[in-house]
Structure formats: structure tokens, C-alpha cells
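Structure at a glance
What follows is the residue order along each chain.
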Amino acid sequence: MIYKSLKCLREQIRQAEIAYDRKPGDVLLLAVSKAKPAEEIASAYQWGQRHFGENYCQEALKKQQELGAFDITWHFIGPIQSNKTRAIAAHFDWAHSVDSLKIARRLSEQRPCELPPLNICLQINISGEQSKSGINLDELPHLCKLVAELPNIRLRGVMAIPAPETAFEEQRQPYKELYQAVAKLGDPNLDTFSFGMSGDLNAAIAEKATIVRIGTALFGAR
Ligand SMILES: *Cc1c(COP(=O)(O)O)cnc(C)c1O
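Below is a short write-up of the structure.

Cut-offs used in this document
- Residue positions are counted from 1 within each chain, in the order its sequence is given.
- Per-residue local features of the predicted model are confined to residues with pLDDT of at least 70, and side-chain atom pairs are confined, for both listing and counting, to 80 or more; whole-chain, interface and lining totals are unaffected and use all residues.
- Remark: hydrogens and water are excluded; side-chain values derive from all non-hydrogen atoms of the structure.
- When we say a residue is near a molecule or strand, we mean one of its heavy atoms is within 4 Å of it.
- Polar contact is defined as a pair of N or O atoms within 3.5 Å, subject to the rule that within protein one atom must be able to donate a hydrogen and the other to accept it, and that residues adjacent in sequence are counted only when both atoms are side-chain atoms.
- Note on areas: Shrake-Rupley with a 1.4 Å probe; residue coverage comes only from the protein chains shown.
- With a 1 Å grid laid over protein atoms only, a set of points is called a cavity when a 1.4 Å probe fits there but cannot get out and a pocket when it is open yet has protein on both sides within 12 Å along at least five of seven lines; lining residues have an atom within 4 Å of a point.
- To qualify as sitting in a cavity or pocket, a molecule needs more than half of its atoms within 2 Å of the grid points.
- Here, a salt bridge means any side-chain nitrogen of Lys or Arg that lies within 4 Å of a carboxyl oxygen of Asp or Glu.
- Working definition: with a 1.4 Å probe on protein chains only, accessible area under 20% of the residue-type maximum means buried, over 50% means exposed, and in between means partly exposed.
- The rule is short: rings of Phe, Tyr and Trp, with Trp giving its six-membered ring, pair when the centres are within 6.5 Å, and they are stacked under 30 degrees, edge-to-face over 60, tilted in between.
- Working definition: helices are DSSP H or I runs of at least four residues, strands are E runs of at least two. Numbering for both runs from the N terminus.
- As a reminder, the over-ring test applies to NZ of lysine and CZ of arginine, requiring each to be within 6 Å of the ring centre and within 35 degrees of the ring normal.

1. Structural notes on the site of the ligand
Lining the immediate environment of the ligand, one finds Val32, Lys34, Asn55, Ile77, Ile161, Met197, Ser198, Arg213, Ile214, Gly215, Thr216 and Arg222. Between the ligand and arginine 213 there is a distance of 2.8 Å, counted from a nitrogen atom to a side-chain nitrogen or oxygen. Within the backbone of glycine 215, one N or O atom sits 2.8 Å away from an oxygen atom of the ligand. Protein chains bury 89% of the 390 Å² of accessible surface belonging to the ligand in isolation. The site holding the ligand turns out to be the largest pocket.

Dropping the structure here:
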């Protein structure tokens, strides 16, 4: 079952890379395993999947313990509360959902010194919806500058969850705008665009996604 959906997703990503002039292998498939048991992670792993994304810290730590022997790259993609930064800094390789200088500072301070810097993305509230997390696009240049100075995290790029749209052109629009805003900063360290989920991955790949975060299309409904 997982094998089939993994194969299908890999094919879909490959086709989208071709269709939108992306280099082969440009787009990383991040398997979003929130609400799914460790056994399902293990079976995706068995078919070659190595990057997994989790939203809830406690849930993730438990699965990490069960999967201790696996060579997994763990991505934190959920909202980050201050009281969770220590655990995230210690147990993840990436955090996609950093949305304040305060959280970035804590992650840097709390990153264990024996580990390489934590890779982070700034989450941008691209559709301007008040209830969603993320910084506004106009704060990006200033925050990038401050975050880039922190020693134990490495600013890699941006993440966004636009308001859901069904039409392809409408799905593309916010990603396009965000990509252009980042490109304008001209910082070669910003090489990561964490764009796209099960419902809009083609549009995200068309607009330069380098990581697509896929849950439902891989593991089924939650
Ligand atoms: C749940 C989640 C996903 C995966 O969503 P699907 O629609 O199930 O693919 C991606 N990104 C974030 C931040 C999520 O919380």
C-alpha cells in the first residue's frame, strides 16, 4: 500500500520536474507522518523514504524512540511553542515553521553543541489570513538578517501554507510571489522552498518548491 503510493508520488514529482523545467531530483519528498504510527514510517523507510515530517513534539519523540535504529532525517513542521524549542533543537534536523526571532534564538541557544546547526525555514503567512501562523512577507528581509547571525541554526529558506485553492493558477500565485520576494534578497544560502502539500504539489513544483510536504497522498486520510 505504502509502496504503491510512494512509487506514484515519486513518479508525479518526476513528471512535474520535467513539465516545469526543474532539474531532476530538485524536489525532496518529505513524508508527513503526523497521526500515523511508527510502523507506517518503518514501512515507508523500507521502500527508501528517509525524510519524515512531524507536527507535534511529544508524538514525534515517541516515534523517534521506537525508530532509534533508523537513519531518518526528522523535520519539525508544526507550530513551535517556546516550551518545545529545547526538544525540537535536540531531536530534529530541520524546523520549517519558525515564525519569530524569539523562537529562532531559543533554537540556536538550545541546539546541542555536538550536533551540526539546525536547518530552519521561516514560515510566511502568504495569504494574509489572520488565524494562520507565520510572519508577514514585509518582515522577511529584516528577520532574515537577524536570524542569519545566530550561530547554531542555519537559515535555509521559507515555508508557506497558502489558503486552500482548487484551481491550479490560483494555487501557483502565492508561491510565485514568495519565491520572487526571496530571490530579490539575493542570498545564496536561501536555497529551500518548503512549498506544497497533497492538494497542490504540482503548483508548488511549478513555482520552485524544493521540499514538498506530503501526508494524505502517501499515508491516506488522518
Ligand atoms: C499536515 C501537514 C502537511 C501534509 O498535509 P497533506 O494535505 O496531508 O499532504 C504538510 N504541511 C504541514 C505544515 C502540515 O501540518
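2. Regarding the pattern of salt bridges
Scanning all chains against the criterion turns up seven salt bridges. Residue lysine 63 is joined to glutamate 54 by a salt bridge in which the shortest nitrogen-to-oxygen separation is 2.9 Å. For the pair lysine 63 and glutamate 54, one class covers both residues: buried. Overlapping salt bridges bring together Glu54, Glu59 and Lys63 as one network.

3. Examining the packing of aromatic side chains
Throughout the structure, instances matching the rule amount to eight aromatic pairs. Each ring, one from tyrosine 20 and one from phenylalanine 168, has its centre 6.1 Å from the other, and the planes form 25°; the classification is stacked. You can see tyrosine 20 sitting in the loop between α1 (2-19) and β1 (28-32) and its partner phenylalanine 168 sitting in helix α7 (residues 168-185), a full 148 residues away along the chain. Looking at phenylalanine 168, the relative accessible area reads 28%, which means it is partly exposed. Of the aromatic side chains, those joined through ring pairs into one cluster are Tyr175, Tyr179, Phe193 and Phe195. The positively charged end of arginine 50 is found above the aromatic ring belonging to tyrosine 45, 3.6 Å away from the centroid. Above the plane of the ring of tyrosine 179 lies lysine 208, whose end atom (NZ or CZ) is 5.1 Å from the centre.

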